[in-house]
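A structural walkthrough
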Amino acid sequence: MEEMEEELKCPVCGSFYREPIILPCSHNLCQACARNILVQTPESESPQSRRASGSGVSDYDYLDLDKMSLYSEADSGYGSYGGFASAPTTPCQKSPNGVRVFPPAMPPPVTHLSPALAPVPRNSCITCPQCHRSLILDDRGLRGFPKNRVLEGVIDRYQQSKAAALKCQLCEKAPKEATVMCEQCDVFYCDPCRLRCHPPRGPLAKHRLVPPAQGRVSRRLSPRKVSTCTDHELENHSMYCVQCKMPVCYQCLEEGKHSSHEVKALGAMWKLHKSQLSQALNGLSDRAKEAKEFLVQLRNMVQQIQENSVEFEACLVAQCDALIDALNRRKAQLLARVNKEHEHKLKVVRDQISHCTVKLRQTTGLMEYCLEVIKENDPSGFLQISDALIRRVHLTEDQWGKGTLTPRMTTDFDLSLDNSPLLQSIHQLDFVQMKASSPVPATPILQLEECCTHNNSATLSWKQPPLSMVPAEGYILELDDGNGGQFREVYVGKETMCTVDGLHFNSTYNARVKAFNKTGVSQYSKTLVLQTSEVDIKKLLAVAWFAFDPGSAHSDIIFSNDNLTVTCSSYDDRVVLGKTGFSKGVHYWELTVDRYDNHPDPAFGVARMDVMKDVMLGKDDKAWAMYVDNNRSWFMHNNSHTNRTEGGITKGATIGVLLDLNRKTLTFFINDEQQGPIAFENMEGLFFPAVSLNRNVQVTLHTGLPVPDFYSSRASIA
């Protein structure tokens with residue numbers, strides 16, 4: 001019932017209605033408040049002058065709003081009553097509940113009569129403070145408006161329910177327990193509020209204060225007021241006029257005011273209108289229920305917006321941090337080049353200084369020696385050595401020839417950094433629409449366990465991701481020409497499995513698939529390598545070509561030679577994978593060691609796609625590897641080291657990796673010799689070629705190699 005309280009308060013005084021009257025616009029006012037907002041109209045606009053002029057307008061018709069400026073919509077909050085030339089403009093005020101009201105142009109006369117009996121100014125007009133419609137009163141004044149006894153009853157019940165708590169009604173914050181109730185004021189007071197708001201002096205001295213419990217009982221036992229006729233105050237309403245839509249009394253019917261109107265029994269119309277109001281409330285109840293559900297949805301949206309904002313902000317920070325990290329790494333690389341150039345220039349200049357210093361010392365010594373020889377007075381002795389000295393002087397002079405006294409290195413750094421494109425890109429960095437109104441389907445996933453080859457045919461199977469919410473209308477399957485050429489479409493349709501016949505024997509095909517709908521096509525799936533059988537051998541011995549994958553490698557890995565050669569910028573081990581994964585067949589590839597400094601431990605083998613990229617290969621359970629130094633090797637999986645074997649690698653060594661998924665084994669070779677026993681068995685699933693190395697190692701990948709002869713012959717025997 002707390003939500004109903006605003007409906008029970010007068011829009012003028014902001015308190016509960018006292019003796020409420022019903023205006024023709026169906027809004028309510030306290031009778032005293034209605035008197036307070038009356039204004040006087042010119043004589044020419046009075047009801048008498050209208051009737052005298054023959055106007056058929058009812059006394060209760062609203063004034064022409066087009067001729068009146070009842071209130072202003074300006075931000076000042078003031079309005080004017082300018083409907084009549086003689087009426088002065090009156091500032092608009094606001095009631096305690098925020099509704100604008102119009103105070104009287106002059107103070108009402110002091111009277112000892114009740115508001116209903118006190119006379120009203122002649123030619124008075126009242127403006128509804130809620131809908132702002134105006135009405136000129138007739139001779140009956142406020143008595144011409146019916147009293148809303150139902151509203152009084154609702155207020156009584158509401159106040160009784162509020163008083164049941166026996167709490168003070170005037171406490172500003174937490175209400176204290178009421179100690180008394182004033183029967184005349186009909187208010188519960190605590191002691192501090194009673195002393196402050198209801199002192200026992202003056203007019204309030206005659207009020208009767210009773211205990212709260214007694215006051216609640218007397219309130220409940222107070223007789224219910226009976227609605228009487230506005231024209232005949234001594235008569236109760238007994239009938240209902242359907243045309244006038246108002247209850248009437250017996251005397252109204254006797255006087256003939258409703259003689260030509262349809263009149264029905266008050267009880268029957270009471271039940272009928274109750275039924276109609278109940279039906280109307282059902283529709284309103286549905287709207288209220290929908291509004292509550294909508295509010296729940298909006299509150300959930302607020303929470304979701306907050307969560308998405310935090311997630312989006314974190315994503316943005318991560319993306320910007322990644323750019324900053326990349327810039328810092330590039331900055332370190334460029335600084336290293338500057339330092340290298342700096343050291344080179346210093347070395348050249350210092351070498352030239354050292355060389356010039358030695359030559360100058362030799363030249364100075366020769367000059368001093370020649371000067372001492374010139375001082376000798378023995379002609380024969382001088383002539384014995386003079387020719388040799390002259391030749392030495394000329395030779396030394398020639399050594400100081402052109403270019404000797406010219407710097408071999410400039411002080412300028414012939415390095416210039418063009419950062420304008422990057423700055424422009426940073427300035428253009430902005431958000432893009434992340435979600436299309438009608439998105440394309442997700443990238444299909446090849447089901448490797450169902451993909452296979454038989455003789456010169458291949459069967460491929462795929463599916464949509466499990467959490468994909470966008471349906472696909474069809475799929476496009478593409479194969480290359482079996483020789484590394486361009487892809488071509490071999491199937492377009494709704495099926496998720498396709499068998500392609502008529503392929504070349506002993507050929508390797510790359511296959512991929514994408515989905516499409518009305519919006520567009522998805523990204524391609526991962527490429528699958530398929531090997532058809534040789535003409536006379538039904539056993540699948542695959543020969544695959546592939547390179548290292550920059551997209552999945554650690555950021556410290558450095559690629560060259562069309563992604564076939566890799567090294568690292570870090571002293572720590574970093575992992576790089578091959579682009580192609582294998583789940584069936586026999587596969588062999590080799591890696592040559594191009595650089596091997598300071599005896600590091602590179603690792604070679606296979607791994608899952610989600611292997612750790614910042615540790616040595618084999619440290620986790622996603623990799624199977626052999627790591628080797630210059631003297632020996634070990635096999636490692638899940639950080640478990642086994643099968644130490646003598647024999648290491650140097651610059652120029654070749655490491656072979658043989659993955660036999662028919663036998664489910666992994667074997668390693670160094671310089672065409674098997675290194676140790678079979679490294680790992682029970683190999684099942686999808687495996688990618690993998691290497692881990694640091695900056696002291698550089699390797700080059702060789703693919704498309706046949707299986708070693710001795711292994712092929714052993715497999716044939718088996």
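As the structure is a computational prediction, the values presented were derived from the model and not from experiment.

The next point concerns the overall build of the protein. Regarding its fold elements, the protein presents 10 helices and 35 strands. Here the contacts in the protein between residues at least 6 apart in sequence split such that 59% fall between residues at least 24 apart. Summed over all atoms, the accessible surface of the protein reaches about 43700 Å², with 54% contributed by carbon and sulfur.

Here we take up the side chain of Glu 478. By the element assignment, Glu 478 lies in strand E17 (residues 474-479). The contacts of Glu 478, once residues within four sequence positions are left out, are Phe 487, Arg 488, Glu 489, Val 490, Asn 510, Ala 511, Arg 512, Lys 514 and Tyr 524.

Moving on to the pattern of salt bridges. Evaluation of the coordinates by the stated rule reveals 16 salt bridges. The salt bridge partner of Arg 574 is Asp 572, with a shortest N-O separation of 3.9 Å. For Asp 572, a relative accessible area of 45% puts it in the partly exposed group. Salt bridges sharing common partners tie together Asp 556, Asp 572 and Arg 574.

Our focus in this paragraph is the sheet that holds E17. With antiparallel pairing, the four strands of this open sheet are ordered in space as E18-E17-E20-E21. Single-partner strands in this sheet number two, and they are strand E18 (488-493) and strand E21 (528-531). The mean inter-strand angle of the sheet, taken between neighbouring strand axes irrespective of direction, is 25°. Pairing of strand E20 (residues 508-516) with E21 involves four bridges; the strand directions are antiparallel. If you follow Tyr 509 over to E21, its bridge partner there is Leu 530.

A separate point is the packing of aromatic side chains. Two aromatic rings, taken as a pair, are described by how far apart their centres are and by the angle between their planes. All told, the structure shown has 10 aromatic pairs when counted by the stated rule. Their ring planes at 80° and their centres at 6.0 Å tell us that Tyr 588 and Phe 669 sit as a pair that is edge-to-face. With Tyr 588 in strand E25 (residues 586-596) and Phe 669 in strand E31 (residues 665-670), the pair connects residues that are 81 residues apart, well separated along the chain. Clustering of aromatic rings is evident, with ring pairs tying together Trp 462, Tyr 475 and Tyr 491. Here the basic side chain of Arg 512 rests over the ring of Tyr 524, its NZ or CZ set 3.7 Å away from the ring centre. Of note, Arg 695 hangs over the ring of Tyr 571, and the distance from its end group to the ring centre comes to 4.6 Å.

A word on the confidence of the model for the protein. When the pLDDT values of the protein are averaged, the result is 80; 81% of them are 70 or greater. Considering only residues more than four positions removed or in separate chains, one finds that residues 44-92, a stretch of pLDDT under 50, has 90 contacts. A low-confidence stretch, residues 104-113 (pLDDT under 50), is modelled with 10 contacts involving residues beyond four sequence positions or located in other chains.

Another point: the sheet that holds strand E12 (residues 246-248). Note: strands within a sheet are paired through backbone hydrogen bonds, in either parallel or antiparallel orientation. Across the sheet, three strands lie side by side as E12-E11-E13; this open sheet has antiparallel pairing. In this open sheet, the two strands that pair with only one neighbour each are E12 and strand E13 (263-265). Mean inter-strand twist for the sheet, computed between neighbouring axes without regard to direction, equals 40°. As paired strands, strand E11 (residues 239-241) and E12 are joined by three bridges and run antiparallel to one another. The residue of E12 that forms the bridge with Tyr 240 is Pro 247.

The subject of this paragraph is the packing of helix H7 (residues 266-374) against helix H8 (residues 379-399). With their axes 11 Å apart at the nearest point, H7 and H8 run at an angle of 155° to one another. What the angle tells us is that H7 and H8 run roughly antiparallel. Along this stretch, H7 crosses H8, giving a crossing that reads as left-handed. Counted together, Lys 359, Thr 363, Leu 366, Tyr 369, Cys 370, Val 373 and Ile 374 of H7 and Phe 382, Ile 385, Leu 389, Arg 392, Val 393, Thr 396 and Gln 399 of H8 form the full contact between these two elements. Of the residues contributing to the contact of H7 with H8, the split by class is nine nonpolar, three polar and two charged.

Another point: unusual backbone geometry. Phi is positive for His 132, which is not a glycine, with a value near 65°. Backbone geometry places Asp 562, a non-glycine residue, at a positive phi of 55°. Along the chain, Asp 562 falls in the loop between strand E22 (557-560) and strand E23 (565-568). Overall, the relative accessible area of 70% leaves Asp 562 in the exposed class.

Turning to its location among the elements, Val 187 is positioned in strand E9 (residues 187-189). On the basis of relative accessible area, Val 187 is assigned to the buried category, the value being 17%. Once the C-alpha coordinates of Val 187 and Leu 209 are considered, the two residues, 22 residues apart in sequence, prove to be 9.8 Å apart. Val 187 has contacts with Gln 169, Leu 170, Val 180, Met 181 and Cys 182, leaving out every residue within four places of it along the chain.

Taking 1.5 Å of rise per residue, 21 residues should cover 30 Å, and H8 covers 29 Å from first to last C-alpha, within 8% of that figure. At Ser 386, H8 shows its maximal bend, which comes to roughly 40°. Along H8, the residues classified as buried are Ser 386, Leu 389 and Thr 396. Buried positions along H8 lie against H7.

Moving on to the environment of Pro 24. Within the secondary structure, Pro 24 is located in the loop between strand E1 (20-22) and strand E2 (28-30). Overall, Pro 24 belongs to the partly exposed group, its relative accessible area being 37%. Spatially, the C-alpha atom of Pro 24 lies 9.7 Å from that of Arg 133, the residues being 109 residues apart in sequence.

Ranked by size, the top nonpolar core spans 38 residues in total, and within it Trp 589, Leu 591 and Leu 666 carry the most contacts. Every element with two or more residues in this core is listed here: E23, E25, strand E26 (603-607), strand E27 (623-628), strand E30 (654-660), E31, strand E34 (688-693) and strand E35 (697-702). With four residues, E25 is the single largest residue contributor to this core. Ranked by size, the runner-up nonpolar core spans 23 residues in total, among them Cys 10, Cys 128, Val 154 and Tyr 158.

Right, let's get into the pairing of E23. Across the two faces of E23 the burial is the same, with Thr 565 and Thr 567 and Val 566 and Cys 568 all buried. Pairing analysis gives four bridges linking E22 to E23, with the strands arranged antiparallel. Among the inter-strand pairings, Phe 559 is bridged to a residue of E23, identified as Val 566. The turn joining E22 and E23, which pair antiparallel and follow one another in sequence, is formed by four residues; a positive phi near 55° is taken by Asn 561. Bridge count for E23 against E35 is two bridges, and the pairing is antiparallel. By the bridge assignment for E35, Thr 565 is matched with Thr 700.

So, on to the side chain of Thr 127. The topology assignment puts Thr 127 in strand E6 (residues 124-127). Of note is the side chain of Thr 127, whose polar atom sits 2.9 Å from the side chain of Ser 134.

Conventions and cut-offs
Residues numbered from 1 in each chain as written. Predicted model: local features only at pLDDT ≥ 70, side-chain atom pairs only at ≥ 80, totals over all residues. Heavy atoms only, no water. Helix = DSSP H or I, 4+ residues; strand = E, 2+ residues; numbered from the N terminus. Contact = heavy atoms within 4.5 Å. Areas by Shrake-Rupley, 256 points an atom, 1.4 Å probe, with all protein chains shown as cover. Salt bridge = Lys/Arg side-chain N within 4 Å of Asp/Glu carboxyl O. Buried < 20%, exposed > 50% of the residue type's maximum accessible area, 1.4 Å probe, protein only. Pairing = 2+ DSSP bridges. Axes fitted to C-alpha atoms, helices over the stretch in contact; angles between N-to-C directions. Phe/Tyr/Trp six-rings, centres within 6.5 Å; stacked < 30°, edge-to-face > 60°. Lys NZ or Arg CZ within 6 Å of the ring centre and 35° of its normal. pLDDT = per-residue confidence, 0-100. Parallel < 35°, antiparallel > 145°, perpendicular 65-115°, else oblique. Left-handed = near helix turned anticlockwise from the far one by under 90°. Nonpolar A, V, L, I, M, F, W, Y, C, P; charged D, E, K, R; others polar. Expected span 1.5 Å × (residues − 1). Bend = angle between axes of the 7 residues up to and from the residue. Core = buried A, V, L, I, M, F, W, Y, C linked by side-chain atoms within 4.5 Å. Polar contact = N/O pair within 3.5 Å; in protein donor to acceptor, adjacent residues only side chain to side chain.

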